[in-house]
Amino acid sequence: MEDLFLGIETSCDDTSCALYSLDRGVVLHRTAAQLDHRRYGGVVPEIASRSHMRSLLPLYETVMGEAGASLSSLAGIGVTNGPGLTGSLLVGLSFAKALAYGSGRPLVGIHHIEGHILANALEGELELPAIVLVVSGGHTQLVSMERIGRYRVIGSTRDDAAGEAFDKIGKLLGLPFPGGPSVEREARAGNPAAFDFPRGLRRSGDRDFSFSSLKTAVRLKVESLGALTPRLVSDVAASAQEAIVDALLEKSLAAAAETGVRQFYLAGGVAANGRLRERMAAGLGEAGVAVSWPRPVYCTDNAAMIACAACHHIRAGRTDGLELNTFPRGALMSWS
Ligand SMILES: Nc1ncnc2c1ncn2[C@@H]1O[C@H](COP(=O)(O)OP(=O)(O)OP(=O)(O)O)[C@@H](O)[C@H]1O
Ligand SMILES: [Mg+2]
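Residues numbered from 1 in each chain as written. Chains lettered and ligands numbered in written order. Predicted model: local features only at pLDDT ≥ 70, side-chain atom pairs only at ≥ 80, totals over all residues. Heavy atoms only, no water.

A.B. asks: Give me the site of ligand 1: which residues, what numbers.
C.D. replies: Taken together, 21 residues are adjacent to ligand 1, and S136, H139, D167, E184 and D301 come closest. Contacts to ligand 1 include H112, whose side-chain N or O atom sits 3.0 Å from an oxygen atom. Interatomic distance of 2.7 Å between a side-chain N/O atom of H139 and an oxygen atom of ligand 1. Isolated, ligand 1 exposes 640 Å² of accessible area, and the fraction of that covered by the protein chains is 88%. Given that more than half its atoms are within 2 Å of the pocket grid, ligand 1 belongs to the largest pocket. At the level of secondary structure, the elements contributing two or more residues to the shell around ligand 1 comprise α3 (112–118), α4 (162–172) and α5 (179–187). (Near = heavy atom within 4 Å. Polar contact = N/O pair within 3.5 Å; in protein donor to acceptor, adjacent residues only side chain to side chain. Areas by Shrake-Rupley, 256 points an atom, 1.4 Å probe, with all protein chains shown as cover. 1 Å grid on protein atoms, 1.4 Å probe; cavity = no way out; pocket = protein on both sides within 12 Å on 5 of 7 lines; lining within 4 Å. Sits in = over half its atoms within 2 Å of the grid points. Helix = DSSP H or I, 4+ residues; strand = E, 2+ residues; numbered from the N terminus.)

Next comes the structure, spelled out in structure tokens:
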């Protein structure tokens, strides 16, 4: 019988459930986005956890029902147990524990960033060793990946994450939340060379990133421009996006040159950005390095990546007991 793994993801504001098998890949995946946060221009933790409590059971029943799967026949259950919002993580973890306890099926906690990285495995077999540029709402990291389960962080942001920078710039421009997709949309009509925004840590000689000076520069520019015409909004969006992409590409090129790795992957919500994909493919391609990324729905938070990670952990014999807890912050660790 086919090994079917259930994934559950509730680390931030998206409630997601998925079934994955090594033979068929993603069997079924459903994500319920929480729209209430738009009114507040950001994620409100208390609203997020209450919304997970309302959405998770119906979502699970839909996924299992549509796939014709039964709990007792699952090969295992994977759940994101950190990093993320504690109240949100607890809803997913408690639910997963109850399923595991009731069914006796194996349970494993998945680090959210390993999930984002393994979203690339949903698109086909990984070419390894590789470097993964993780660019999400809370993380900006270069991760050297020798094999599945063996990771080394070789560069990180010293302040804001790239997604956070997109979100804050979107807010400064009065664009709808989340800022990333809004800024990308506006940038299409803008001139990326209209304003010269800072590329943080350009000459730092390491592989770290910084986006706080960009955010300040955009705020000062917006204040100095006065009334923002649609043209100015597009130009600021395009110039800020270009500064973020330049910084990510420059450090990625340095990491590729220093390590000699021939394969790069993008992961996390910002990996959905078309300009980033285009510039990374061209820039790294020129250096003889291939670049791949997951389709947009697997870039942002989703349970398919968690089910896939669970499949690899459980097949390698790594499971957790019911004492498993959440963690709000914590580095990605190797396990194989
Ligand atoms: N097309 C896009 N261009 C730029 N940024 C984008 C795009 N689509 C989504 N994002 C950004 O991706 C982020 C959300 O990604 P993701 O869901 O991976 O983050 P998160 O789960 O909140 O953070 P983390 O994964 O670090 O815990 C947001 O900051 C959002 O603005
Ligand atoms: Mg995420």
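What follows continues from the structure just given.
A.B. asks: Can you explain the packing of aromatic side chains? Please cite residues and give values.
C.D. replies: Enumeration according to the criterion identifies three aromatic pairs in this entry. On the basis of an interplanar angle of 10 degrees and a centroid distance of 6.4 Å, the ring pair of F209 and F211 is categorised as stacked. (Phe/Tyr/Trp six-rings, centres within 6.5 Å; stacked < 30°, edge-to-face > 60°.)

A.B. asks: Just give me the short version of the layout of surface pockets, but keep the residues and values in it.
C.D. replies: Of the volumes computed, that of the largest pocket is approximately 1200 Å³. What lines the largest pocket is a set of 43 residues, among which D13, G137, D167, F177 and P178 lie closest to the centre. Looking at the lining of the largest pocket, the elements with two or more residues in it are α3, α4 and α5. For the lining of the largest pocket, the element with the highest residue contribution is α4, accounting for seven residues. Residue composition of the lining of the largest pocket, by class: 16 nonpolar, 18 polar and nine charged. (Points joined across faces, edges and corners; volume = space filled by probe spheres on them. Nonpolar A, V, L, I, M, F, W, Y, C, P; charged D, E, K, R; others polar.)

A.B. asks: Describe the sheet that holds strand β3 (residues 25–33), listing the residues and the values that go with them.
C.D. replies: In spatial order, the strands read β3-β2-β1-β4-β5; together these five strands make up an open sheet with mixed pairing. Here the strands that pair on one side only, and so sit at the sheet edges, are β3 and β5 (107–111). The average angle at which neighbouring strand axes cross in this sheet is 20 degrees, direction not considered. The sheet contact formed by strand β2 (residues 14–21) and β3 spans eight bridges and is antiparallel. Bridging from a neighbouring strand, S16 pairs with T31 of β3. Contacts between helix α1 (residues 45–67) and the sheet are confined to β1 (5–9), β2 and β3, with β2 contributing the most and set at about 25 degrees to the helix. Where helix α10 (residues 304–315) meets the sheet, its contacts fall on β1, β2, β3, β4 (76–82) and β5, and the angle it forms with β1 comes to roughly 130 degrees. (Pairing = 2+ DSSP bridges. Axes fitted to C-alpha atoms, helices over the stretch in contact; angles between N-to-C directions. Contact = heavy atoms within 4.5 Å.)

A.B. asks: Pulling in residues and values, what's your account of the pairing of β2?
C.D. replies: Burial analysis of β2 places eight of its eight residues in the buried class, the great majority of the element. Neither face of β2 is exposed, since D14, S16, A18 and Y20 on one face and T15, C17, L19 and S21 on the opposite face are all buried. For β1 and β2, the ladder comprises five bridges, and the chain directions are antiparallel. Along β2, the bridge assignment pairs L6 with L19. Hairpin connection between β1 and β2: a loop of four residues separates the two successive antiparallel strands. Linking two consecutive strands that pair antiparallel, namely β2 and β3, is a turn of three residues. (Buried < 20%, exposed > 50% of the residue type's maximum accessible area, 1.4 Å probe, protein only.)

A.B. asks: I'd love a proper account of unusual backbone geometry, names of residues and values included.
C.D. replies: The linkage connecting G82 with the following residue, P83, adopts the cis geometry, with an omega of -15 degrees. Structurally, P83 is set in the loop between β4 and α2 (86–103).

A.B. asks: If you had to explain the sheet that holds strand β8 (residues 150–156) to someone new, which residues and values would you point to?
C.D. replies: Taken in spatial order, the five strands make up an open sheet running β8-β7-β6-β9-β10, and their pairing is mixed. For this open sheet the edge positions go to β8 and β10 (290–292), each flanked by a neighbour on one side alone. In this sheet, neighbouring strand axes are inclined to one another by 25 degrees on average, regardless of whether the strands run parallel or antiparallel. Where strand β6 (residues 130–135) and strand β7 (residues 140–147) come together, six bridges link them in antiparallel fashion.

A.B. asks: Can you break down α10 residue by residue, with the values?
C.D. replies: Helix length check: α10, at 12 residues, gives a terminal C-alpha distance of 17 Å against a target of 16 Å (1.5 Å per residue), a fit within 8%. By the criterion of burial, α10 is predominantly enclosed, with 10 of the 12 residues buried. Residues of α10 that are buried: A304, M305, I306, A307, C308, A309, A310, C311, H313 and I314. Remark: G317 follows α10 within two positions and exhibits a positive phi of approximately 85 degrees. (Expected span 1.5 Å × (residues − 1).)

Note that all results are geometric; they support no functional claim without further evidence.
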